[in-house]
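Examination of the molecular architecture
Here's the letter readout for the chains.
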Amino acid sequence: MQIPSEGTTPPSPPSPPGPPTPPIPLAELLASKDLGLRRIAGPAEAELLWVHTSEMADPYPYLLGGELLLSAGVLLTDPDHYVGRLVEAGAAALGFGVRPVHETVPGALIEACDRQGLPLLEVPPETPFTAIARTVWRLMAEARHRELRRVTRAQQALATAAARPDPVPAVLHQLAAQLGGRAVLLTARGEEVHAAGRDPAEEIDTAGRPLAPGAAGALTRLARVVARERPGSPSSATDTHGDTHLSAYALGGAEGLVLALATRRRESGDHTVAGIAVVLLSLLAAPHQGAGAAGRSAALVRMLLGADPAEVAPLLGATGPWTVIHARRTDGTPADALTAGALGASLGTALVDAGRGGGEAVRLLLPGAGPEDEAVRLLPGAEAERPLPEGAPGGEGARPLPGAEADRVTPQPGWTLGASAPTPVTALDAADALAARALAHARATRAPLAVDTPVSGLAALVPPEQAAAHARALLAPLTAPLADTLRCWLSLHGNWDRTAVALGVHRNTVRQRIGRCGELLDADLDDMDVRAELWFALRQG
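The following refers to the structure shown. All residue numbers refer to positions counted from 1 along the written sequence of the respective chain. In view of the model being predicted, local features appear only for residues whose pLDDT reaches at least 70, and side-chain atom pairs are presented and counted only at 80 or more, with totals across whole chains, interfaces and linings using the full set of residues. Side-chain descriptors were evaluated using all non-hydrogen atoms of the structure, hydrogens and water having been removed beforehand.

As a further point, take the overall build of the protein chain. Scanning the protein chain from N- to C-terminus turns up 18 helices and 17 strands. We call two residues in contact when some of their heavy atoms are within 4.5 Å. Considering only residue pairs separated by 6 or more positions, the protein chain has 63% of its internal contacts joining residues 24 or more positions apart. Numbering of helices and strands runs from the N terminus; a helix is a DSSP stretch of H or I covering at least four residues, while a strand is a stretch of E covering at least two.

Structure below.
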């Protein structure tokens, strides 16, 4: 090894990355009683990354930072300069071995360590330096094992959260719990999309003063650093605000979304746990790519410019009839755009409307079966189609829901769904109303999914023009709200409570409306024949 000549100071090397193992608190090493180490100067807290032994007068050129430097003081002549060079190199602590060179730790060295803030440990004569190094490596291996177990548990918890009906809020909540801080999803402009965990700005000390005033603003500013609004933005950034640790991560595949974290402490493995959450949130927040974004954009432009829906449907990946789905969260909470998008991804569609507000249901359009679905449906043994008469209610060419298409709309955990029958693109407005009725029926019966099926059986044998004319004449005395109430009441077998739930009104209101229907129609609604005829007529609308 080439040793620099005395009096020369080589240039400071760039700081290398830390080791792949967690740092060891100095207190853990001192707790090893068999070593007999004793801290006699300097602060009590330090983190050890390495162990190094050197008897050079100036070991600075050979230190990386974070070392516990072990020395017997063979060439120690100027303790103050020696300690200053160790502090300048970033050493974590100094272990001084007594005997045979020094009978005790020099007083000048103790004073220098106290003055310059370097922990000083007394190493007894019976403790070899190699025993200290071996203990440090053992403690590092144990810490690494704990870190891996923690990361594994966190990964499993985050993956479970991502499978929930509200995956984005669930992942943020689990991440905040794992890190013991606050997790926020922000837009590129700093607007909060979702947040979980306690805000550091709300924490107060014993005197009632906030511990981290202004932390939210600092976190927003840090998020703007990584928001991908300009080329060359970093993918992550860290900062501190008082005693609060801040970090921000850009989400891949999402337009400017940033995961921002604020924690009171930073532990080994936090960065890895946050990285797992970034991957999951990037996948959850990215738009579903079943139909190309370019095709959706082209379809929107053409619709706005007056194109017929049938002309733009192929741009959305649809080769068959469409299914309209209405959805509400089972627990009654409103669904945001990200949660609704996750539902769309589960159902296999990117056509999701979650921004209507006012507590309205999420609406989705499920494109019709493609060639692969058709191939499945036409396999030997598959149920054959039974076309309805041309022009039958539900649209030209409407048909009973084939098994392959029915399987595409499946119950989703945490959601209540109502779906229309597969409908031509020219009749989506009617299918929208049918999906809304199906959702009301599902909520009233507490079913996870209700599907409105097209007219079939004996009713399908009546020519649609004659059926529609009969329905108009029979139901002419009823207003639209009364007809809707009667339809819902009959669909629920005359159950007052379920009808009230489905319509969102009081049960007495249902009774009054049904009574009014009986008066206007001059019919006994308890008669099964009357109910059957009214149901046939109401199904035409």
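Our focus in this paragraph is the side chain of Ser54. In this fold, Ser54 is placed in the loop between β4 (50-53) and β5 (67-71). According to the relative accessible area criterion, Ser54 is buried, its value standing at 8%. Those residues in contact with Ser54, other than ones at most four positions away along the chain, are Pro59, Leu69, Leu70 and Ser71. Only protein chains enter the calculation, and the probe is 1.4 Å; a residue is then buried if its accessible area is under 20% of its type maximum, exposed if over 50%, and partly exposed in between.

Turning our attention to the packing of aromatic side chains. Here a Phe, Tyr or Trp ring, Trp counted by its six-membered ring, pairs with any other such ring whose centre lies within 6.5 Å, and the pair is stacked when the planes are under 30 degrees apart, edge-to-face when over 60, and tilted otherwise. Within the structure shown, the criterion is met by one aromatic pair. Between Trp489 and Trp496, the ring centres sit 5.4 Å apart and the planes meet at 35°, which makes this aromatic pair tilted. Throughout this description, the term charge over a ring refers to an Arg CZ or Lys NZ atom that lies within 6 Å of the ring centre and within 35 degrees of the ring normal. Directly above the ring of Tyr60 sits Arg85, whose terminal nitrogen or CZ lies 4.0 Å from the centroid. Taking NZ or CZ as reference, Arg329 lies 5.6 Å from the ring centre of Trp415, over its face.

One side-chain nitrogen of Lys or Arg within 4 Å of one carboxyl oxygen of Asp or Glu is enough to make a salt bridge. Taken as a whole and judged by the stated rule, the model has 19 salt bridges. Across the pair Arg363 and Asp353 runs a salt bridge, and its minimum N-O distance is 3.4 Å. With Arg363 in strand β15 (residues 362-366) and Asp353 in strand β14 (residues 352-353), this pair connects stretches of sequence that are 10 residues apart. Judged by its relative accessible area of 24%, Arg363 falls in the partly exposed class. Residues joined in a network through salt bridges with shared partners are Arg164, Asp166, Arg329 and Asp331.

Once that is clear, we can look at the sheet that holds β15. In a beta sheet, neighbouring strands are held together by backbone hydrogen bonds and run either parallel or antiparallel to one another. Pairing between strands is defined by DSSP: at least two bridges between them are needed. The mixed open sheet is built from five strands, whose spatial order is β14-β15-β13-β16-β17. The sheet terminates laterally at β14 and β17 (449-451), the two strands that pair on one side only. Strands in contact with helix α10 (residues 337-347) are β13 (323-329), β14, β15 and β16 (415-419); relative to β15, the strand with the most contacts, it is inclined by about 25°. Lines fitted to the C-alpha atoms define the axes, with helices restricted to the stretch that makes contact. Angles between their N-to-C directions range from 0 to 180 degrees. Of the strands in this sheet, β13, β15, β16 and β17 touch helix α13 (residues 428-445), which is tilted by about 35° from β13.

What follows concerns the nonpolar core. For our purposes a nonpolar core is just a set of buried Ala, Val, Leu, Ile, Met, Phe, Trp, Tyr and Cys residues, chained together by side-chain atoms within 4.5 Å. If you look at the biggest cluster of nonpolar residues, it comprises 28 residues, and the most contacted ones within it are Leu158, Leu172, Leu175, Leu259 and Leu261. Where this core is concerned, the elements lending two or more residues are α4 (129-162), α5 (167-179), β8 (181-186), β12 (258-263) and α7 (270-285). Tallying contributions element by element places α7 first for this core, with eight residues. Counting residues in each nonpolar core, the second largest holds 21 residues, with Ala46, Leu48, Val51 and Leu139 among its members.

So, on to the packing of helix α15 (residues 480-491) against helix α16 (residues 496-503). Where α15 meets α16, the axes come as close as 9 Å, and the angle between the chain directions of the two elements is 130°. Judged by the inter-axis angle, α15 sits oblique to α16. In this structure, the crossing between α15 and α16 has a hand that is right-handed. From α15, Thr485, Cys488 and Trp489 reach across to α16, where they touch Trp496, Thr499, Ala502 and Leu503. Residues belonging to the contact of α15 with α16 are distributed by class as follows: five nonpolar, two polar and no charged. An angle below 35 degrees is read as roughly parallel, one above 145 as roughly antiparallel, one from 65 to 115 as roughly perpendicular, and any other as oblique. Each crossing is labelled by how the near helix is turned from the far one, with a counterclockwise turn of less than a right angle marking it left-handed and a clockwise turn marking it right-handed. In this classification, the charged set is Asp, Glu, Lys and Arg, the nonpolar set is Ala, Val, Leu, Ile, Met, Phe, Trp, Tyr, Cys and Pro, and all remaining amino acids, among them Gly, are polar.

Taken together, the side chains of Asp524, Asp527, Asp529 and Glu533 define an acidic patch exposed on the protein surface. Mapped onto the fold, Asp527 is located in the loop between α17 (507-521) and α18 (528-538). For Asp527, a relative accessible area of 32% corresponds to the partly exposed category. Patch membership needs two things, relative accessible area over 30% and no salt bridge, and members are linked within 9 Å if like-charged or within 5 Å if nonpolar (Val, Leu, Ile, Met, Phe, Trp, Tyr). For every accessible area listed, the method is Shrake-Rupley and the probe measures 1.4 Å; residues are considered covered only by the protein chains on display. This count recognises Lys and Arg as positive and Asp and Glu as negative, with His and chain-terminal groups excluded. A charge is said to be at NZ when it belongs to Lys, at CZ for Arg, at CG for Asp and at CD for Glu.

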